[in-house]
Amino acid sequence: MLTDARRAARTGPDGELIPLTKQDRTLWDQKQITEGIALLTATLPKGSVGPYQLQAAVAAVHDEAPRAEDTDWPQILRCTIC
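Quick caveat, the model's predicted, so the values are computed rather than measured. Chains are numbered independently. Their residues run from 1 in the order of the written sequence. The model is predicted, so local features are restricted to residues of pLDDT at least 70 and side-chain atom pairs to those at 80 or more, both for listing and for counting; the totals for chains, interfaces and linings are taken over all residues. Excluding hydrogens and water, the side-chain figures rest on all heavy atoms present in the structure.

Help me understand the overall build of the chain in this model?
Going along the chain from the N terminus, every DSSP run of H or I of four or more residues is numbered as a helix, and every run of E of two or more is numbered as a strand. Each helix and strand in the chain was counted, giving four helices and zero strands. Counting from the amino terminus, helix and strand elements in the chain follow one another as α-α-α-α. With respect to the principal axes defined by its C-alpha atoms, the chain has extents near 40 × 25 × 20 Å. Looking at the chain as a whole, 30% of its 82 residues qualify as buried. Whether two residues touch is decided by their heavy atoms; if any such pair falls within 4.5 Å, the residues are in contact. Summarising the internal contacts of the chain: among those between residues at least 6 apart in sequence, 48% fall at separations of at least 24. Surface accessibility in these figures is a Shrake-Rupley result with a 1.4 Å probe; residues are shielded only by whichever protein chains are displayed. With an accessible surface of roughly 5700 Å², the chain has 60% of that area assigned to carbon and sulfur atoms. Side-chain charges of the chain comprise 9 positive and 11 negative groups, with the mean position of each set lying 4 Å from the other. Classification of residues uses two cut-offs on accessible area relative to the type maximum, computed with a 1.4 Å probe and protein chains only: under 20% is buried, over 50% is exposed, and between them is partly exposed. For the charge count, each Lys or Arg is scored as positive and each Asp or Glu as negative, with His and the chain ends excluded. Lysine's charge is taken at NZ, arginine's at CZ, aspartate's at CG and glutamate's at CD.

This is the structure in structure tokens:
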């Protein structure tokens, strides 16, 4: 859900891929982001973290940043070394 929320911004008019750093974040689906973060927040404390939970956590950090340069890279690093 957190990755799918960025679907509209991922490709250009000719189907070319647009890197995360160049995506128009106003095209991201904020409702999906809000719902995905709520689900992730509710489930992470309930058990072991697997690869899908880790991917969702990293996507959430990207989704929460208003601009690419605002990405909380230390938080992503903490996610990947757990």
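Please clarify how the packing of helix H2 (residues 30-43) against helix H3 (residues 51-64) should be interpreted in this entry.
Between two packed helices, the angle of one axis relative to the other and the distance separating the axes together describe the packing. Note on method: axes are straight lines fitted to C-alpha atoms, helices fitted across the in-contact stretch only, with angles between N-to-C directions ranging 0 to 180 degrees. Between H2 and H3, the least distance of the axes is 10 Å, while the angle of their chain directions is 135°. The pairing of H2 with H3 is recorded here as oblique in orientation. The handedness of the crossing between H2 and H3 comes out as left-handed. Residue-level contacts link Ile33, Ile37 and Leu40 of H2 to Gln53, Ala56, Ala57, Ala60, Asp63 and Glu64 of H3. Under this grouping Gly is polar, as are all residues other than the nonpolar Ala, Val, Leu, Ile, Met, Phe, Trp, Tyr, Cys and Pro and the charged Asp, Glu, Lys and Arg. Looking at the contact of H2 with H3 residue by residue, the classes come out as six nonpolar, one polar and two charged. Convention used here: angles under 35 degrees read as roughly parallel, angles over 145 as roughly antiparallel, angles from 65 to 115 as roughly perpendicular, and any remaining angle as oblique. Working rule for handedness: look at the near helix, and if it is turned counterclockwise from the far one by less than a right angle, call the crossing left-handed; if clockwise, right-handed.

What exactly am I supposed to notice about the packing of aromatic side chains here?
The geometry of an aromatic ring pair comes down to the distance between the two centres and the angle between the two planes. Between rings of Phe, Tyr and Trp, where Trp is taken as its six-membered ring, a pair exists when centres lie within 6.5 Å; planes separated by under 30 degrees are stacked, by over 60 edge-to-face, and by other angles tilted. All told, the structure shown has zero aromatic pairs when counted by the stated rule. Above the face of the Trp28 ring, Arg6 is positioned so that its terminal group lies 5.6 Å from the ring centre. Criterion for a charge above a ring: Arg CZ or Lys NZ at most 6 Å from the ring centre, at most 35 degrees from the ring normal.

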